[in-house]
2 protein chains.
Amino acid sequence: MSSRQNSPERKKLRMRDIAAQAGVAPITVSRALSSPDKVSPETLKKILEVVQKEGFIPNNVAGSMRATAKVIGTIVPPLINSGIADQVQGMSDACAAHGYQLLLVQGDFSAEAEDKAIMALLGWRPKGLIIQAFVQSKAARKRIATAGVPVVEISEIRGRTPMNLAVGISNFDAAYAMTQHLAGKGYKRIGFVSTPIHGNDRLRQRRVGYRKAIADLGIDQGDLEVEVPITSKGGAAALSILTERDPSIEVIFCSSDLLAFGAVQECRRRGWAIPDRIAIAGFGDMDLASQTYPAITTVRVDRYGMGRSAVDHLLSLAAGETGSGKSVDVGFEIIDRESA
Amino acid sequence: MSSRQNSPERKKLRMRDIAAQAGVAPITVSRALSSPDKVSPETLKKILEVVQKEGFIPNNVAGSMRATAKVIGTIVPPLINSGIADQVQGMSDACAAHGYQLLLVQGDFSAEAEDKAIMALLGWRPKGLIIQAFVQSKAARKRIATAGVPVVEISEIRGRTPMNLAVGISNFDAAYAMTQHLAGKGYKRIGFVSTPIHGNDRLRQRRVGYRKAIADLGIDQGDLEVEVPITSKGGAAALSILTERDPSIEVIFCSSDLLAFGAVQECRRRGWAIPDRIAIAGFGDMDLASQTYPAITTVRVDRYGMGRSAVDHLLSLAAGETGSGKSVDVGFEIIDRESA
DNA sequence: CTGTCAAGTGGTATCGGTACCATGAACGTG
DNA sequence: CACGTTCATGGTACCGATACCACTTGACAG
């Protein structure tokens, strides 16, 4: 009766206000908004009209107390490279497609920060977590296990058994394949540039794959590995270090395109021809890699697809599928360009 | 009495379970966790022990029904360039520092998507919104106004009056300054490359600033503007288009470093010397700009700082400060490098 | 000894949806 | 025509933490 006039300075809209105005019970409004096919067409129309007119937006917080929240929590490393950004985009798009929200926390490289981030996420009782943390500490794993929330890890899929399910590639295989590829093109002395591993399995496996390939190839070249920060400046530095350590080095395989880019720029600065004076390969197939001149030979990984796939699998897990311990391999591809 | 043994297959932990085990009331546990100074040291210690032992994580969803949620919603454009990524990092860090969570939605370039995204965010009754949408449709603004949620816009600060408060720079001034800077270095024919404006005021103001500078300088050069997709490929294309349109063009000012990078690579491909054959300038001072050889002259904007500052101001607004209509100018800086 | 006050703690109502079960109407079937 | 079944809708009881107010206790001033 007084529901019309008191809008100007009355408080926030609730479902019951809409219900009153539409002449139905609150629960019917709820159904109209979340499962419209359970409401008769006329009622539905009437309710939606009121919702539209009043600009009502249901309170997800309240709704998430009974039903589990349509939220997926995720921890991502700092978005320094566009690979991660693609992945976030993939997760974001997939979430949107399913009507979920993405709760994003950025990790750094410390275990405490990771633990705190996980607690913050779990506090929201998300449907699941997608983790791509660097550390993956034991404490963190235990916390998640206790909470009983499904987890999809975007990670190295070789060797380790995931908590529930992992999406990723074998970084070992990829690095092995690239090293072999370079050897196949006739390069003899093959350097390797890594970023600080910090307990990150993906990075470690790349190095292991490289080493295995060198061993299998029977190349005797001493230590041609170096570790630098994950910036293009790091790549430039790596070039200097390695060429100084062994002037006859023929190719440098960088564990990230960002490093490869930096190395290419350093060559330009020195006036060195690529790949004649020295060849360079990267990892990730960032946009950069194809656009740099000369274009960079690299390993393509479908990061966007990994993000989407992670969300899809997570929702399956949450819906009851066990799939425990499985790994989903999204594969990789060697992209041969001009730089090596 | 039976609270100890039934843990194995009992349901989730609630605050009252902790309370029972610690021999206090639930509300005391609440206080112990959110305002520890209101609880006596002994009680606090006992409660924290139980919390620790059980691995209890309070349910934020429930807590957010009475008190407003410690959540900030944000809409960001696709993370195509690292500038946006820096900004997200800034917001994320600032949120973490204040104990807030970041609810992230990625926009695209359509008004409907934006409206949907805003509804999704508002459904969580966030403390506030940080918006950096491309469209900023009228419908979206109205929705936010109705919800009565404070908003910080990361945007162009010239001309437009923000809903509550805007953080950003004057893109007009920045583009004007760069154009003048280039003219000051002796360049006569100055081209301009923009990405599709799509109603985005920041991009528009850059173009307007450029045009104003050209007019003020009294340069009569015809149309040396072109619009290309925001990719490095777009930058390469722009170089081709402009040099074909006017072979005597001397410098190209790109409204994004990504474009400038593409243009530089295209020059390399053609064997053109930079800046002798043609000079290039960018916008944003992405990591790329300083690392590319030759290093790119550009406009530095502190994106990370903008993100942090947006969160800080938003929390002030939420705490009651009005600050309506104000704009916070974080400023810019012309970074003179080798490319122009 | 009484009154005032602060600190520490608890009881209760409440935030706003939705799961669960009940109800009544309309329809078809034997 | 009695009965089962489906469809549309409503009533009620929560979900789990916290705001609000009340209460107890001890310290201290007058």
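In this convention, every chain numbers its residues from 1, walking through the sequence in written order. Lettering of chains starts at A and numbering of ligands starts at 1, both following the order in which they are written. Thresholds applied to this predicted model are a pLDDT of at least 70 for local features of residues and 80 or more for the giving and counting of side-chain atom pairs; totals over whole chains, interfaces and linings are not thresholded and use all residues. With hydrogens and water stripped out, all remaining heavy atoms of the structure feed into the side-chain values.

Some remarks on the pattern of salt bridges
Here is step 1 of the chain: Basic side-chain nitrogens of Lys or Arg form a salt bridge, by our definition, when they fall within 4 Å of a carboxyl oxygen of Asp or Glu. Taken as a whole and judged by the stated rule, the model has 34 salt bridges over all chains.
Here is step 2 of the chain: For Arg300(A), the salt bridge identified is with Asp285(A), shortest N-O distance 2.7 Å. Of this pair, Arg300(A) sits in strand E10 (residues 298-301) while Asp285(A) sits in the loop between strand E9 (279-281) and helix H12 (287-291), placing them 15 residues apart in sequence.
Here is step 3 of the chain: Exposure remark for Arg300(A): the relative accessible area of 34% places this residue in the partly exposed category.
Here is step 4 of the chain: Summary of the burial criterion: residues with accessible area below 20% of their type's maximum are buried, those above 50% are exposed, and those between are partly exposed, where the area comes from a 1.4 Å probe applied to protein chains only. On the basis of relative accessibility, which here comes to 17%, the residue Asp285(A) falls in the buried class.
Here is step 5 of the chain: A salt bridge links Arg337(B) to Asp285(B); the shortest N-O distance between them is 3.0 Å. In this pair, Arg337(B) sits in the segment after strand E12 (332-335) while Asp285(B) sits in the loop between strand E9 (279-281) and helix H12 (287-291), placing the two residues 52 residues apart along the sequence. The numbering of helices and of strands both runs from the N terminus, where a helix is a DSSP run of H or I of at least 4 residues and a strand a run of E of at least 2.

Some points on the protein's contact with DNA strand D
Here is step 1 of the chain: For this purpose, a residue is taken to be near a molecule or strand whenever a single non-hydrogen atom of the residue falls within 4 Å of it. Residues in contact with DNA strand D amount to 22 residues; listed here are only the nearest, Thr28(A), Arg31(A), Thr43(A), Met15(B) and Ser30(B).
Here is step 2 of the chain: Within the backbone of Ala25(A), one N or O atom sits 3.0 Å away from a phosphate oxygen of DNA strand D.
Here is step 3 of the chain: One of the side-chain N or O atoms of Thr43(A) is found 2.3 Å from a phosphate oxygen in DNA strand D.
Here is step 4 of the chain: Elements with a minimum of two residues in the surface near DNA strand D: helix H2 (26-34) and helix H4 (60-66) of chain A together with helix H2 (26-34) and helix H4 (60-66) of chain B. The term polar contact refers here to a pair of N or O atoms within 3.5 Å; inside protein, the definition further demands a hydrogen-donor-capable atom paired with an acceptor-capable atom, and it admits residues adjacent in sequence only when both atoms are side-chain atoms.

Observations regarding the relation of the copies chain B and chain A
Here is step 1 of the chain: When the copies are overlaid, the least-squares fit takes in C-alpha atoms only where the residue has pLDDT of at least 70 in both copies. Its rotation angle being 180°, the transformation that places chain B on chain A also includes 0.0 Å of axial translation and leaves an RMSD of 0.1 Å. Here the transformation between the copies is reduced to the relation of a two-fold axis. In terms of C-alpha distance to the rotation axis, chain B has Leu103(B) as its closest residue, with the C-alpha 2.4 Å off the axis.
Here is step 2 of the chain: A high fraction, 100%, of the interface residues of chain B reappear at the interface in chain A, so the copies pair face to face through one surface. Here, two residues are considered to be in contact whenever any of their heavy atoms come within 4.5 Å of each other.

Digging into the state of the cysteines
Here is step 1 of the chain: Cysteine sulfur pairs qualify as disulfides if the two atoms are within 2.5 Å. Tallying each qualifying case throughout the model produces zero disulfides over all chains.
Here is step 2 of the chain: Here Cys95(A) stays unpaired: no disulfide links it, and the sulfur of Cys95(B), its closest cysteine neighbor, is 18 Å away.
Here is step 3 of the chain: The exposure class assigned to Cys95(A) is buried, which follows from its relative accessible area of 1%.
Here is step 4 of the chain: Here Cys254(A) is not disulfide-linked; the sulfur of Cys267(A) is the nearest cysteine sulfur, at 9.6 Å.

Observations concerning the environment of Ala273(B)
Here is step 1 of the chain: Its location among the elements puts Ala273(B) in the loop between helix H11 (257-270) and E9.
Here is step 2 of the chain: Placed 66 residues apart in sequence, Ala273(B) and Ser339(B) show a C-alpha to C-alpha distance of 9.5 Å.

Quick word on the protein's contact with DNA strand C
Here is step 1 of the chain: Neighbouring residues of DNA strand C: 21 residues in total, closest Met15(A), Ser30(A), Thr28(B), Arg31(B) and Thr43(B).
Here is step 2 of the chain: Near the protein, meaning within 4 Å, the atoms of DNA strand C are sugar or phosphate in a fraction of 67%, with bases accounting for the rest.
Here is step 3 of the chain: Separating a phosphate oxygen of DNA strand C from a backbone N or O atom of Ser40(B) is a distance of 3.0 Å.
Here is step 4 of the chain: Arg66(B) places a side-chain nitrogen or oxygen 3.4 Å from a base oxygen of DNA strand C.
Here is step 5 of the chain: Listing elements by their share of the surface near DNA strand C, those giving two or more residues are H2 and H4 of chain A together with H2 and H4 of chain B.
Here is step 6 of the chain: Looking at which element gives the most residues to the surface near DNA strand C, the answer is H4(A), with four residues.

Some thoughts on helix H8 (residues 171-184) of chain A
Residue and element names in this part refer to chain A.
Here is step 1 of the chain: Its 14 residues give H8 an end-to-end C-alpha distance of 19 Å, which sits within 8% of 20 Å, the value for a rise of 1.5 Å per residue.
Here is step 2 of the chain: Listed as buried for H8 are Asn171, Phe172, Ala174, Ala175, Met178, Thr179, Leu182 and Ala183.
Here is step 3 of the chain: On its buried face, H8 sits against strand E6 (190-194), helix H9 (201-217), strand E8 (251-254), E9, E10 and strand E12 (332-335).
Here is step 4 of the chain: At the C-terminal side of H8, Gly186 shows a positive phi close to 100°. Helix span, as expected, comes to 1.5 Å for every residue beyond the first.

Thoughts on the sheet that holds strand E3 (residues 128-131) of chain A
Here is step 1 of the chain: Strand pairing requires that DSSP identify at least two bridges connecting the strands. The strand order E11(A)-E5(A)-E4(A)-E3(A)-E1(A)-E2(A)-E2(B)-E1(B)-E3(B)-E4(B)-E5(B)-E11(B) describes an open sheet built from twelve strands, whose pairing is mixed. The open sheet is flanked by strand E11 (326-329) of chain A together with strand E11 (326-329) of chain B, the only strands paired with a single partner. For this sheet, the mean inter-axis angle between neighbouring strands, taken without regard to orientation, is 25°.
Here is step 2 of the chain: Every axis corresponds to a line fitted to the C-alpha atoms, with the helix fit spanning only the stretch in contact, and the corresponding angles, defined between N-to-C directions, vary from 0 to 180 degrees. Sheet contacts for helix H6 (residues 111-122) of chain B: strand E2 (101-106) of chain A together with strand E1 (71-76), strand E2 (101-106) and strand E3 (128-131) of chain B; angle to E1(B), the most-contacted strand, approximately 170°.

A few points about the packing of helix H8 (residues 171-184) of chain B against helix H9 (residues 201-217) of chain B
Packed helix pairs are specified by the crossing angle of their axes together with the interaxial distance, meaning the distance between the axes.
Residues and elements named next belong to chain B.
Here is step 1 of the chain: It is the contact of H8 with H9, at a shortest axis distance of 7 Å, that shows an interaxial angle of 40°. Judged on the interaxial angle alone, H9 and H8 are oblique. The crossing of H8 and H9 is right-handed. Of the residues in H9, those touching H8 at Asn171, Phe172, Ala175, Tyr176, Thr179, Gln180 and Ala183 are Arg202, Gln205, Arg206, Val208, Gly209, Tyr210, Lys212, Ala213, Ile214, Asp216 and Leu217.
Here is step 2 of the chain: All amino acids are sorted into three groups, where Ala, Val, Leu, Ile, Met, Phe, Trp, Tyr, Cys and Pro are nonpolar, Asp, Glu, Lys and Arg are charged, and the leftover types, Gly among them, are polar. Of the residues that constitute the contact of H8 with H9, the class distribution is nine nonpolar, five polar and four charged. We call two directions roughly parallel when the angle between them is under 35 degrees, roughly antiparallel when it is over 145, roughly perpendicular when it lies between 65 and 115, and oblique otherwise. Handedness of a crossing follows from how the near helix is turned relative to the far one, being left-handed for an anticlockwise turn of less than a right angle and right-handed for a clockwise one.

Some points on the pairing of strand E5 (residues 165-168) of chain A
Residue and element names in this part refer to chain A.
Here is step 1 of the chain: Here E5 shows two buried faces, one formed by Leu165 and Val167 and the other by Ala166 and Gly168.
Here is step 2 of the chain: Where E5 and E11 come together, four bridges link them in parallel fashion. In the strand pairing of E11, Leu165 is matched with Lys326.

What to know about the sheet that holds E9(A)
Residue and element names in this part refer to chain A.
Here is step 1 of the chain: Reading across the sheet, the four strands line up as E7-E6-E8-E9 and stay open at both edges, with parallel pairing between neighbours. Every interior strand has two partners, whereas the edge strands, strand E7 (225-227) and E9, have only one. This sheet shows a mean twist of 20° between the axes of neighbouring strands, independent of strand direction.
Here is step 2 of the chain: Together, E6, E8 and E9 form the strand contacts of H8, whose direction differs from that of E8 by roughly 165°.
Here is step 3 of the chain: Each of E6, E7 and E8 is contacted by H9, which is oriented at about 170° to E6, the strand it contacts most.

Re the interface of chain B and chain A
When the parts of a complex come together, some accessible area is lost, and that lost area is often used as the size of the interface.
Here is step 1 of the chain: Listed by partner, the interface residues are 43 residues for chain B and 43 residues for chain A.
Here is step 2 of the chain: Buried area: the sum, over both parts, of the accessible surface (1.4 Å probe) that disappears when the two are put together. Roughly 4500 Å² is buried in total at the junction of chain B and chain A, and carbon and sulfur atoms are behind 57% of that figure.
Here is step 3 of the chain: Per-residue buried area on chain B facing chain A is highest for Ile57(B), Trp124(B) and Gln291(B); these three make up 16% of the total on that side.
Here is step 4 of the chain: Taken together, the links from chain B to chain A amount to zero salt bridges.
Here is step 5 of the chain: Applying the counting rule to chain B against chain A returns twelve residue pairs in polar contact (both at pLDDT 80 or more).
Here is step 6 of the chain: Where the side of chain B that touches chain A is concerned, the elements lending two or more residues are H4, helix H5 (82-98), E2, H6, helix H10 (232-245), H11 and H12 of chain B.
Here is step 7 of the chain: For the side of chain B that touches chain A, the leading source of residues is E2(B), giving six residues.
Here is step 8 of the chain: Of the residues in the side of chain B that touches chain A, the class split is 24 nonpolar, 13 polar and six charged.

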